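Commentary on secondary and tertiary structure
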Amino acid sequence: MIQAADIREWRNHDDVDPKQRKIGLLEAIYVDTITDEPAMATITDEPAMATIRTGLLTRQRLVFVPLDDAILGPAYLKVSYAKGLVKKAPSIGTDDVLPAEQEEAIFQHYGLTYQPGAKGERQLARR
């Protein structure tokens, strides 16, 4: 499991897919709003989520990707999803905040179950 204290060390690593194709740079890890741990839903055991900065220098965006089975190398973070799938994932602008009503779409994109809090609380918060 990803430890919250390690997040700073992961930032700006190249993110690559299983075939070592570069996707972008790790921007942030999203934590579970209830536990403040890296988005490991206690009920559903969903993977941690991260945003990856992609695009041209003048037109960058942040795409969301689960970190299940991610591997941290000396200069990269390898995610278990293909570059094409990640690039088509729901995204936000580099200065934007993820709207609560868009969280479910991220999970659906990767075929994961979305489970909001018992009182309808959002699941993800940027760390």
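Above this text is the structure in question.
Reference entry: report on the structure contained in this document. (Residues numbered from 1 in each chain as written. Predicted model: local features only at pLDDT ≥ 70, side-chain atom pairs only at ≥ 80, totals over all residues. Heavy atoms only, no water.)

Let us now look at the overall build of the chain. A tally of regular secondary structure across the chain gives three helices and eight strands. Along its sequence from the N terminus, the chain presents helices and strands in the succession α-β-β-β-β-β-β-α-β-α-β. Classification of the 127 residues of the chain by burial places 42% in the buried group. Here the analysis covers contacts within the chain between residues at least 6 apart in sequence; of these, 55% occur between residues at least 24 apart. Carbon and sulfur atoms make up 49% of the accessible area of the chain, which amounts to about 7000 Å² in all. (Helix = DSSP H or I, 4+ residues; strand = E, 2+ residues; numbered from the N terminus. Buried < 20%, exposed > 50% of the residue type's maximum accessible area, 1.4 Å probe, protein only. Contact = heavy atoms within 4.5 Å. Areas by Shrake-Rupley, 256 points an atom, 1.4 Å probe, with all protein chains shown as cover.)

Attention shifts here to the packing of aromatic side chains. Counted by the stated rule, this structure contains two aromatic pairs. Considering the side-chain rings of Tyr81 and Tyr110, the 4.8 Å spacing of their centres and the 65° angle between planes classify their relative orientation as edge-to-face. Of this pair, Tyr81 sits in the loop between strand E6 (76–78) and helix H2 (83–87) while Tyr110 sits in the loop between helix H3 (103–109) and strand E8 (124–126), and the two are 29 residues apart along the sequence. Each member of the pair, Tyr81 as well as Tyr110, is classed as buried. (Phe/Tyr/Trp six-rings, centres within 6.5 Å; stacked < 30°, edge-to-face > 60°.)

Moving on to the environment of Arg61. As for its placement among the helices and strands, Arg61 is situated in strand E4 (residues 61–66). In the structure, Arg61 is positioned 33 residues away from Thr94 in sequence and 5.3 Å away in space, judged by C-alpha atoms. In this structure Arg61 touches Ile52, Arg53, Thr54, Lys87, Ala89, Ser91, Ile92 and Thr94, once residues within four positions along its chain are discounted. Side-chain polar atoms of Arg61 contact the side chain of Ser91, separated by 3.2 Å. (Polar contact = N/O pair within 3.5 Å; in protein donor to acceptor, adjacent residues only side chain to side chain.)

Burial analysis of E4 places five of its six residues in the buried class, the great majority of the element. Where strand E3 (residues 49–54) folds back onto E4 in an antiparallel hairpin, the turn is made up of six residues, including Gly55, whose phi is positive at roughly 100°. The pairing of E4 with strand E7 (residues 91–93) spans three bridges and is antiparallel. Among the inter-strand pairings, Arg61 is bridged to a residue of E7, identified as Gly93. (Pairing = 2+ DSSP bridges.)

Our next topic: the nonpolar core. Counting residues in hydrophobic clusters, the biggest one holds 27 residues, and the most contacted among them are Tyr30, Val65, Leu67, Val86 and Tyr110. Of all the elements in the fold, those that place two or more residues in this core are strand E2 (22–32), E3, E4 and H3. Tallying contributions element by element places E2 first for this core, with five residues. (Core = buried A, V, L, I, M, F, W, Y, C linked by side-chain atoms within 4.5 Å.)

Look at Gln20: it is not a glycine, yet its phi comes out positive at around 70°. The backbone of Asp69 sits at a positive phi, close to 60°, despite the residue not being glycine. Within the secondary structure, Asp69 sits in the loop between E4 and strand E5 (71–72). Taking relative accessible area as the criterion, Asp69 reaches 65% and is therefore assigned exposed.

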